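Spelled out from the first residue to the last, the chains are:
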Amino acid sequence: MNDERERRAQPSAAVRRPPASGPALELEHVSLVLAGRTILKDASLAIEEGEFIGVLGPNGAGKTTLMRAVLGLVPVARGAIRIGGRNVERGNPFIGYMPQTRSALASRRVLGRDFVAMAADGHRWGLPLADAATRADVERVLDLVGGQALAARPLSELSGGERQRLLLAQCLLGKPRLLLLDEPLISLDPHRQRIVVELVRRVQRELGITVLFSAHELNPLLHAIDRVLYLGNGAAALGTVDEVITRPVLSRLYGAPIDVVRVDGRIFVMSGDVEVEKHDHGHEHEHEHGEGAANPVGGPAHDHGRSHEHEHDHEHEHEHEHEHEHEHDHGQGHTHDV
């Protein structure tokens, strides 16, 4: 692999510029197309500084593609994406990115502190030789996520939730202002999901940063998010839960009739007697390499599916995917290094 892609493209502290004024993230008439397939069409929205946004939508709706476009890794077919008023660029040090996590982390013997430090300079093979400033930043983020007790333990001895704590620490190196967290709840049980969501929310509030947190289901995020960004059918809807999670909006995004059922403080997105978010999650692998993401509620296949996402570094992967951890890009802001 090209050595340049193995290196995180981050300016030195002397040339780091604060973001310009403007929304934390702005899309202006953005269209995203992969191999001729429309992922997003003419989407305009603005996410303000300090917001916690839940990113949801059916399998293949483009949650990961959108994050990668914000990182400058997927070109915009039309329109503009701006971060803090500036056009998107690859290697933006003000963005922290957590790709979908990988099962191979569970077998690694590297110590937690060294694992966090690996993200500081894009180091990959062997352990990093950190300078004093990097070591101090590693300790800062470990303190921030409550990870000091994990720092001297190998990853192989940690639970999934504990590893997620260290992955979040990696994302926070360098003090980014925008976090893109791609499916951090995958493979966690409900208890650990709640712990991770509460951790991210606490850190987000403490630092006043903006978070985009993608998930398959709304309920784990329900009491943490400020607004929800729901993707589907090439469209995007951004608003409060009460504004977006409605029959008319979701029926448009799913391309089929949808009901929204509220029970005991939980929200269920239904098509007939099928809970579509759980149904979609359970059938994720059926569409990973197909001709497009099938409509999870039984309608026609959409033209914004995942058939070409294998070309873009694991957009489709889940807990028992092939272990391709080495293929992640490192010119994309802070990322975890596995």
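1. Regarding the overall build of the chain
When you go through the chain residue by residue, the secondary structure sums to eight helices and 14 strands. A burial count over the chain gives 57% of its 338 residues as buried.

2. What to know about the confidence of the model for the chain
In this model, the chain carries an average pLDDT of 79, and 71% of its residues clear a pLDDT of 70 or more. In this model, residues 1-19 is a region of pLDDT below 50 whose contacts with residues beyond four sequence positions or in other chains number 45 contacts. Scored below 50 in pLDDT, residues 283-331 shows 144 contacts in the model against residues more than four places distant or in partner chains.

3. Quick word on the pairing of strand β4 (residues 78-83)
Note that strand β1 (residues 25-34) and β4 share five bridges and pair antiparallel. Of the residues in β4, the one forming a bridge with glutamate 26 is arginine 82. Where β4 and strand β5 (residues 86-87) come together, two bridges link them in antiparallel fashion. Each residue of the ladder has a partner; that of isoleucine 83, found in β5, is arginine 86.

4. Brief notes about unusual backbone geometry
In this structure, alanine 35 is a non-glycine residue whose phi angle is positive, near 50°. Tracing the chain through its elements places alanine 35 in the loop between β1 and β2 (37-47). Taking the relative accessible area as the measure of exposure, alanine 35 reaches 56% and is therefore exposed. Despite not being glycine, lysine 175 has its phi angle at roughly 60°, a positive value. With respect to the helices and strands, lysine 175 occurs in the loop between α4 (160-172) and β7 (178-181). For lysine 175, a relative accessible area of 55% corresponds to the exposed category.

5. Let's talk about helix α7 (residues 247-254)
For α7, the full list of buried residues reads Val249, Leu250, Ser251, Leu253 and Tyr254. Of the residues that open α7, the one with a side-chain oxygen 3.4 Å from the backbone nitrogen of valine 249 is threonine 246. Looking one or two residues beyond α7, the residue adopting positive phi is glycine 255, at roughly 70°.

6. Details of the sheet that holds strand β13 (residues 274-275)
As summarised here, the arrangement of the three strands in space is β11-β12-β13, forming an open sheet in which the pairing is antiparallel. Whereas interior strands pair on both sides, the edge strands pair on one side only; in this sheet they are β11 (259-263) and β13.

7. Some words on the pairing of strand β3 (residues 52-56)
The element β3 is extensively covered by neighbouring structure, given that five of its five residues are classed as buried. Residues Phe52, Gly54 and Leu56 line one face of β3 and the alternating positions Ile53 and Val55 line the opposite face, and both faces are buried. Bridge count for β3 against strand β8 (residues 210-214) is four bridges, and the pairing is parallel. From the neighbouring strand, isoleucine 53 faces β8, where its bridge partner is leucine 212. Pairing between β3 and strand β9 (residues 227-232): four bridges, direction parallel.

8. Concerning the packing of aromatic side chains
In the structure shown here, the tally under the stated rule is two aromatic pairs. An angle of 25° between the planes, with centres 5.9 Å apart, marks the rings of phenylalanine 52 and phenylalanine 213 as stacked. Of the two residues, phenylalanine 52 is situated in strand β3 and phenylalanine 213 in strand β8; the sequence distance between them amounts to 161 residues. The exposure classification of phenylalanine 52 matches that of phenylalanine 213, with both residues buried. For the pair tyrosine 230 and tyrosine 254, a centre-to-centre distance of 6.1 Å together with 55° between the ring planes defines the contact as tilted.

Reading guide: rules and limits
Residues numbered from 1 in each chain as written. Predicted model: local features only at pLDDT ≥ 70, side-chain atom pairs only at ≥ 80, totals over all residues. Heavy atoms only, no water. Helix = DSSP H or I, 4+ residues; strand = E, 2+ residues; numbered from the N terminus. Buried < 20%, exposed > 50% of the residue type's maximum accessible area, 1.4 Å probe, protein only. pLDDT = per-residue confidence, 0-100. Contact = heavy atoms within 4.5 Å. Pairing = 2+ DSSP bridges. Polar contact = N/O pair within 3.5 Å; in protein donor to acceptor, adjacent residues only side chain to side chain. Phe/Tyr/Trp six-rings, centres within 6.5 Å; stacked < 30°, edge-to-face > 60°.

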